[in-house]
Amino acid sequence: MSYHKNTGNNDKFSNIDIENYFTKDQLEGLMFEYAKINKNYQSAIKEVTTKLEILDGDFQLRHMHNPIHSIGSRVKSPESIAEKIVRKGLSMDLRDVSKSLLDIAGVRVICNYIEDIYLIAGLLKGQSDIRTIREVDYIKNPKENGYRSLHLIIAVPVFFVDRVEEIPVEVQIRTIA
């Protein structure tokens, strides 16, 4: 599954010409590095979505209720990463970008009820191999535009052939409405 941010004409960065900010070599380097790290972030998303699916199934078995309505995911596009680098004034070094941009991998969880949001967040954060990096509660403290969601940045271990790497994933949990 995937979700995409609407980057239509209302996006204040839709008219940024990233070629004005980066040389051709920098852009090619970013694309090459993106291909390498995309695999890692896709793997982290699989880890998180699998955990969420298991939690939802177990909760259904025990309580006859599915707290999760649906799960979607995405890895930020190279263009979106470049736009955020420009907006935040970050270094083009991908090692720095990976440490600075904690929302390259994203999972969106849709729940039926607000109490399910906090239930799922608690169950996910309670797993021994998950480390919570940041939590922002836009349900208790909605944005001025009315946006309501619980945002977690978590680090999840991903097991590769030659290493284990902790990779950050942004998890947005909200209701259908």
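Residues numbered from 1 in each chain as written. Predicted model: local features only at pLDDT ≥ 70, side-chain atom pairs only at ≥ 80, totals over all residues. Heavy atoms only, no water.

**Thoughts on the sheet that holds strand E3 (residues 131-137)**
For step 1, the next point in the chain: Read from one edge to the other, the open sheet built from five strands follows the order E1-E2-E5-E4-E3, with strand pairing classed as mixed. The open sheet has two edge strands, strand E1 (68-75) and E3, and neither has a second partner. Averaged over all adjacent pairs, the angle separating strand axes in this sheet is 25 degrees, with direction ignored.
For step 2, the next point in the chain: Taken together, the six bridges between E3 and strand E4 (residues 150-159) define a ladder with antiparallel strand orientation. Each residue of the ladder has a partner; that of Glu 135, found in E4, is Leu 152.
For step 3, the next point in the chain: Its contacts with the sheet put helix H1 (residues 24-63) on E1, strand E2 (105-111), E4 and strand E5 (164-175), and the angle it makes with E1 is roughly 170 degrees.
For step 4, the next point in the chain: Of the strands in this sheet, E1, E2, E3, E4 and E5 are in contact with helix H4 (residues 114-125), which crosses E5 at around 170 degrees. (Pairing = 2+ DSSP bridges. Helix = DSSP H or I, 4+ residues; strand = E, 2+ residues; numbered from the N terminus. Axes fitted to C-alpha atoms, helices over the stretch in contact; angles between N-to-C directions. Contact = heavy atoms within 4.5 Å.)

**Brief notes about the nonpolar core**
For step 1, the next point in the chain: Leu 52, Val 107, Val 169, Val 171 and Ile 173 are the most contacted members of the largest nonpolar core, which has 41 residues in total.
For step 2, the next point in the chain: Within the residue set of this core, elements represented by two or more residues are H1, E1, helix H2 (78-88), helix H3 (94-100), E2, H4, E4 and E5.
For step 3, the next point in the chain: Apart from the residues within four sequence positions on either side, Val 171 is in contact with Val 48, Val 107, Val 109, Leu 124, Leu 150, His 151, Leu 152 and Ile 154. (Core = buried A, V, L, I, M, F, W, Y, C linked by side-chain atoms within 4.5 Å. Buried < 20%, exposed > 50% of the residue type's maximum accessible area, 1.4 Å probe, protein only.)

**Some words on the pairing of E5**
For step 1, the next point in the chain: Of the strand pairs in this sheet, E2 and E5 are connected by six bridges, and their pairing is parallel. Each bridged residue has a counterpart across the sheet, and for Val 109 the counterpart in E5 is Ile 173.
For step 2, the next point in the chain: By the bridge criterion, ten bridges tie E4 to E5 in an arrangement that is antiparallel. When the bridges of E5 are listed, Phe 159 appears paired with Val 164.
For step 3, the next point in the chain: Connecting E4 to the antiparallel partner E5 that follows it, the hairpin turn spans four residues.

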